[in-house]
Amino acid sequence: MSIAIFTMIVVFAVRYRRRRGVLAEQIEGSTALEVTWSVIPLFIFVSIFLWGAMIYFKERTPPRSATEVYVVAKQWMWKLQHEEGQREINELHVPVGRDVKMILTSQDVIHSFYVPAFRIKQDVLPGRYTTAWFRPTKAGIYHLFCAEYCGSQHSGMIGQVVVLEPAQYEAWLSGGAASGSMASNGQNIFQQLGCSTCHRSDTQGRGPTLIGLFGKPVQLEDGRVVTADENYIRESILTPGAKIVSGFKPIMPVFQGLVSEEQLNALVAYLKSLNPSPSGAAGGPTVVPSGAKPQETKVQ
Amino acid sequence: MADSPIAVEHHNPALKHHFVDMEQQRQASSLGMWLFLATEIMFFGGMFCAYLIYRYWYFPDFAAASSSLDITLGTVNTAVLICSSLTVVMAVSAAQVGKRQQQVVYLALTLVLGLAFLGIKGVEWTSKFKEHHIPGPTFNFEGSLPGHPDQPVDQHHAQLFFSLYFAMTGMHALHMVIGVGIFSYLLYHAWKGAYTPEYHTPLENSGLYWHFVDIVWIYLFPLLYLIDRKK
Amino acid sequence: MATAAITAERENYLNQEYGIKSWLLTVDHKRIALLYLLTITFFFFIGGFFALLIRLELLTPAGDLVQADTYNKLFTMHGQVMIFFFLIPSIPAVLGNFLVPLMIGAKDLAFPRINLLSWYLLVAGGILMLHCMLTGGVDTGWTFYTPFSTAFSNTKVIEAGLAIFISGFSSILTGLNFVVTIHRMRAPGMTWNRLPLFIWAHYATSIIQLLGTPVIAVTLVLVVLERALHLGIFDPMRGGDPLLFQHLFWFYSHPAVYIMILPSMGVVTEIVPCFSRKRIFGYKFVALSSISIAVFGFLVWAHHMFVAGISLYAALIFSALSYLVAVPSAVKVFNWTATMYKGSITFSTPMLYAFGFIGLFLMGGLTGLFLAALGIDVHVTDTYFVVAHFHYIMVGGAVMGYLAGMHFWWPKISGRMYPESLGRLAAVIVFLGFNLTFFPQFILGYLGMPRRYWQYPPEFQVLNVLSTAGSTILAVGYLLPMVYFLWSMRYGKVAPDNPWGASGLEWMTTSPPPTFNFDRAPVVDWEAYDYENIPAPQEARSGG
């Protein structure tokens, strides 16, 4: 379209340049023309909008069976943790062909997770989770940038996404962390912080049971129904008074300031693993023994 | 092209040189004031917007914080302001019929009421200061959620309420102070006889301003003071 | 009609009174316009200086010219100075102030003293901003996102915020003045449908200034309070929401870009008919498009937040609305083109700038369509693609329009002609320098280079070098008019009342105008852009 207009302007400029004896023709206007060149662009714009919207819709809807990676951004680095427990700094290893969903949060200011080669970008906010997903189709190493200005070393907060062939990825995985999967770490934290005292696997506890909770609707005491997603879990741990489950008393202690972002991620991963359906983490125990005492375990 | 001689004025001393006649000047001033008030709506609107969002999200904490405000003083202040708007109208009306003495009396009353409002506000704020409800390092809100004596109020959310409370009432008070300044100026000139039935535009426009500040309070009061009061 | 052959200089607004007091205490809208001209030119060079430093740093991938913190301050202050102290005032405060009363046949604006106050407010804000810059600066980006600006930055955020707060009132009062003037002070016979479209454009701009600026004002107040008192309105660690800040910020800052572009469109709409010797095509539609842009411009702010964490549905709505606002802009471009059809076109300096404007605005606007497409925006937002997009509009559009207007009305403002060949040369240099500076940035952004980067991966270097080279050419292009405008005030040809044979009441008074604009108050009984009845310039100049 712009080429058409440029050309028209150049043509008119040349063809209608001032010449001796040739007067300009006074044309007042033409409503028909005005309407036409308002409506046609409008149609073109609507089509572009729809096209963009469809792509966006797909981009913001992670597939259900995606592998999850938890990302904590901070000034000025990316901390990533796989479900299986591997931790990475400024680097993310993934296998070709598998959907990867990232659950992102920030420890301080707003950052943005940007991988140009994958056409994804998602702001990472403090105080809540945002998500992004991709499926790598080609092995290789791709830039990872922070795309939201975050202070001094904003331009230094870069890394790479390493996409490996599946076999190589398995090799990389097995050489990984010995500290256990995120879900098992989460279970340790769950017991160490005393959560299991009230959140038991039966319905006798002072708090609601968490088995099969993740992803399901929850009825609150004020009548609202919310979905138990990552942000709900996070809020329930940090500011439990915000949403009280129907039928329970508001006695859960506040954990704001007592758990780090990584610990929160591990707890979220653990709760996902309590779902009977195979949508949660691989590895890690699935049931909290009722009445179990907190164990002495090293918590990171 | 037709020319026209420059219009002959009534030589009202208040007519500014760039206006054709007093009517044009009056209309311009009036439109100017209305437009200015539109900008004030947008200005306060930003804060109201923030307040409404947080109130929706944190209703119980906001209700608890709100109940610590002195509803008696707030109501008195509302009455004070409404009366002051009445006295403003009376002052303008007096000017329209050329009664200088009455103008002065009503303008003075308006000033007194405006100052009373500010004084009562000062009392309220002082008590907030004593209760440690001023946001900042000394903030501490003791209380529980309404209807749930066992649930303490979230300090962050309570502080949010008070941040917005002080920002909004503070901005309103600043506008009141400016209004008091304007009306002192008007009082002086009214006493000198500057406002006549032919020319009392400053009174009218300042009156508009005063009414606007009053209306802002009339929105502030229920939103801030009357959350969930069941008395 | 008065001719240029006068030996004794007639009394006009420039020579009516001399002395610094007569300028600093003036209430003449024309003198105030010149005061603004000095101020914004000063800030343009400050902002431009920062830009040059940025481009110099970006010549190499490594951060080797300045430190990272310094670089962050440079781009922040470049943005703040250019937007709040140059672009937003520019055309309205200089050309608008000068021309609005003249074009409608009035003696002055509705509130001359408020006009002077507006200037002082801009200067006060500017001085505070200068002080802030000289004593440490600010590094939050001109967008001040929280919680970085309220709880993490170690720079003078409060001072910068207050400086912009003060200058915002300058903008509000200018808008107020224009709206009242246009409503109430039109000469007899100057109906709404006879108004020059420059006036319609400024009317629309003023509405935005009036309704939008207070929102950024209150947002800045809240940021300052939050930073000073450690409140939590925008800080999630204290119960607040950083996205609330973004919504409040962009609610103004998006309409602000229309404040910056609408006046330029008004200028172009005056120039194209004059140098095509034809009335504007579709007067009513052009007028309506200005108002539509102002209205729709308030409805699209969250298209700056598509990846910020807003809901999918909010994103869909704002994307759709953003396409709506593009339609009136497109209509204007079509109307300008149609005006040239079967015209008699002269390639004077203002017309060259107008051509430049149309082409560059077109490119900037079309890339805006890309950005409005959700799927594409995810890839290119927060990259140099966006930087290129807004510079095409702000610099390729708004600044070109400003220069076009300065050249077009310079004879009226100063009573002198600028040197035409130098003018054309500068226009071409600006156009070429501009494209070399900013076109590579579209590619950089598409390839993935994020914005606000002090250092970058080496593969981006070639394009950055091209961009920096362009910026030096652009700088030369901007310096030239400064030099020859100043030169012309002393040595330029004396200008006739209407050197271009243009339509409009301002051309029916002397160059420069007398203090009260018209010797006799005009009465209008002709339509706007009455070019069939206005003789072309040669005939007008034949007497001199």
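Everything quoted here is computed from the prediction, not taken from an experiment. (Residues numbered from 1 in each chain as written. Chains lettered and ligands numbered in written order. Predicted model: local features only at pLDDT ≥ 70, side-chain atom pairs only at ≥ 80, totals over all residues.)

Draft legend 1. Representation of the overall build of chain B in the model. Scanning chain B from N- to C-terminus turns up six helices and two strands. Counting from the amino terminus, helix and strand elements in chain B follow one another as α-α-α-α-β-β-α-α. Taken over C-alpha atoms, the radius of gyration comes to 22 Å for chain B, far larger than the 17 Å a tight globule of 231 residues would show. The principal-axis extent of the C-alpha atoms belonging to chain B is close to 80 × 45 × 30 Å. Within chain B, buried positions represent 36% of all 231 residues. Taking all contacts inside chain B whose residues are at least 6 apart in sequence as the whole, residues at least 24 apart take part in 77%. (Helix = DSSP H or I, 4+ residues; strand = E, 2+ residues; numbered from the N terminus. Rg over C-alpha atoms; globule rule 2.2 N^0.38 Å. Buried ≥ 20, exposed ≤ 12 C-beta atoms within 10 Å, placed from the backbone. Contact = placed C-beta atoms within 7 Å.)

Draft legend 2. Representation of the interface of chain A and chain C in the model. Listed as interface residues are 62 residues of chain A and, on the opposing side, 68 residues of chain C. Only helix H1 (2-15), helix H2 (31-59), strand S6 (111-115), strand S7 (120-124) and strand S9 (140-146) of chain A provide two or more residues apiece to the side of chain A that touches chain C. Broken down by element, the side of chain A that touches chain C gets its largest block of residues, 16 residues, from H2 of chain A. Within the side of chain A that touches chain C, the residues separate by chemical class into 34 nonpolar, 16 polar and 12 charged. (Nonpolar A, V, L, I, M, F, W, Y, C, P; charged D, E, K, R; others polar.)

Draft legend 3. How the structure looks around the sheet that holds strand S8 (residues 130-134) of chain A. Residues and elements named next belong to chain A. Spatial strand order, S3-S2-S1-S5-S8: five strands in an open sheet with mixed pairing. What marks the edges here is a single partner per strand, and that holds for strand S3 (87-89) and S8. Adjacent strand axes in the sheet meet at a mean angle of 25° when their direction is disregarded. Across six bridges, the pairing between strand S1 (residues 67-74) and strand S2 (residues 77-82) is antiparallel. When the bridges of S2 are listed, Val 71 appears paired with Leu 80. Lying on the sheet, helix H7 (residues 261-273) is in contact with S1, S2 and strand S5 (100-106); it crosses S1 at an angle near 165°. (Pairing = 2+ DSSP bridges. Axes fitted to C-alpha atoms, helices over the stretch in contact; angles between N-to-C directions.)

Draft legend 4. Representation of unusual backbone geometry within the structure. Residues and elements named next belong to chain C. Each neighbour pair has its own omega, and for Thr 146 with Pro 147 the value is -5°, a cis peptide bond. Along the chain, the position of Pro 147 falls in the loop between helix H5 (112-134) and helix H6 (148-152). The linkage connecting Ser 511 with the following residue, Pro 512, adopts the cis geometry, with an omega of -10°. With respect to the element layout, Pro 512 can be found in the loop between helix H16 (461-491) and helix H17 (537-541). Here the phi dihedral of Arg 452 falls at roughly 65°; this positive angle occurs in a residue that is not glycine. Inspection of the secondary structure assignment puts Arg 452 in the loop between helix H15 (420-447) and H16.

Draft legend 5. The arrangement of helix H3 (residues 71-96) of chain B in detail. Residue and element names in this part refer to chain B. Compared with an ideal rise of 1.5 Å per residue, which puts 26 residues at 38 Å, H3 spans 38 Å between its outermost C-alpha atoms and is within 8% of the ideal. Looking at H3, one finds that the buried residues are Gly 74, Asn 77, Val 80, Leu 81, Ser 84, Thr 87, Val 88, Ala 91, Val 92, Ala 94 and Ala 95. Just past H3, the residue Gly 98 takes up positive phi, approximately 75°. (Expected span 1.5 Å × (residues − 1).)

Draft legend 6. Summary view of the environment of Met 489 of chain C. Residue and element names in this part refer to chain C. By the secondary structure assignment, Met 489 is in helix H16. For the pair formed by Met 489 and Gly 126, sequence separation is 363 residues and the distance between their alpha carbons is 27 Å. Sequence-distant contacts of Met 489, defined by excluding residues within four places in its chain, comprise Ser 414 and Arg 416.

Draft legend 7. The confidence of the model for chain B, seen in detail. Here chain B averages 90 in pLDDT, and 94% of its residues register 70 or above. With pLDDT under 50 throughout, residues 1-9 of chain B is counted as low confidence; its partners more than four residues away or in other chains account for 11 contacts. (pLDDT = per-residue confidence, 0-100.)

Draft legend 8. Looking closely at the sheet that holds S7 of chain A. Residues and elements named next belong to chain A. Pairing within the open sheet is mixed, and its five strands lie in the order S4-S10-S9-S6-S7. Each end of this open sheet is capped by a strand with a single partner; those strands are strand S4 (91-95) and S7. This sheet shows a mean twist of 20° between the axes of neighbouring strands, independent of strand direction. Here five bridges tie S9 to strand S10 (residues 159-164), and the two strands are oriented antiparallel to one another. Pairing of Leu 144 across the sheet is with Gly 159, part of S10. This element, helix H3 (residues 166-174), spans S4 and S10 of the sheet and lies at about 130° to S4.

Draft legend 9. Quick look at the packing of helix H9 (residues 242-276) of chain C against helix H12 (residues 349-372) of chain C. Residues and elements named next belong to chain C. Close contact between H9 and H12 brings their axes to 9 Å; oriented N to C, the two are set at 125°. When the axis of H9 is compared with that of H12, the two are oblique. For the crossing formed where H9 meets H12, the hand is left-handed. The segment H9 lies against H12, with Ser 264, Val 268, Ile 271, Val 272 and Phe 275 engaging Pro 350, Met 351, Ala 354, Phe 357 and Ile 358. (Parallel < 35°, antiparallel > 145°, perpendicular 65-115°, else oblique. Left-handed = near helix turned anticlockwise from the far one by under 90°.)

Draft legend 10. Up close: the pairing of S9 of chain A. Alignment of S6 of chain A against S9 of chain A, held across two bridges, turns out to be antiparallel. Bridge pairing in S9 of chain A links Tyr 114 of chain A to Phe 145 of chain A.

Draft legend 11. The pairing of S6 of chain A, seen in detail. Residue and element names in this part refer to chain A. Of all five residues in S6, five are buried, a share of seventy percent or more. Of the two faces of S6, the one lined by His 111, Phe 113 and Val 115 and the one lined by Ser 112 and Tyr 114 are each fully buried. Here five bridges tie S6 to S7, and the two strands are oriented antiparallel to one another. Each residue of the ladder has a partner; that of His 111, found in S7, is Val 124. Between S6 and S7, which follow one another and run antiparallel, lie four residues, and Arg 119 among them has a positive phi close to 60°.

Draft legend 12. Structural detail: the packing of helix H1 (residues 22-57) of chain B against helix H7 (residues 157-184) of chain C. Contact geometry for H1 of chain B and H7 of chain C: axes closest at 9 Å, N-to-C directions at 140°. By the criterion of interaxial angle, the relationship of H1 of chain B to H7 of chain C is oblique. Note on packing geometry: the crossing formed by H1 of chain B with H7 of chain C is right-handed. For the pair H1 of chain B and H7 of chain C, the contacting residues are Gln 24, Gln 27, Ala 28, Leu 31, Gly 32, Leu 35, Phe 36 and Thr 39 of chain B in the first and Ile 172, Leu 176, Val 179, Val 180, His 183 and Arg 184 of chain C in the second.

Draft legend 13. View of the nonpolar core. Counting 311 residues, the largest nonpolar core has Val 71 of chain A, Leu 164 of chain B together with Ile 104, Val 268, Ile 271, Ala 354 and Ala 404 of chain C as its most contacted members. Looking at which domains feed residues into this core, each of domain 1 (67-174) and domain 2 (182-273) of chain A gives three or more. (Core = buried A, V, L, I, M, F, W, Y, C linked by C-beta atoms within 7 Å. Domains from an automatic or database assignment.)

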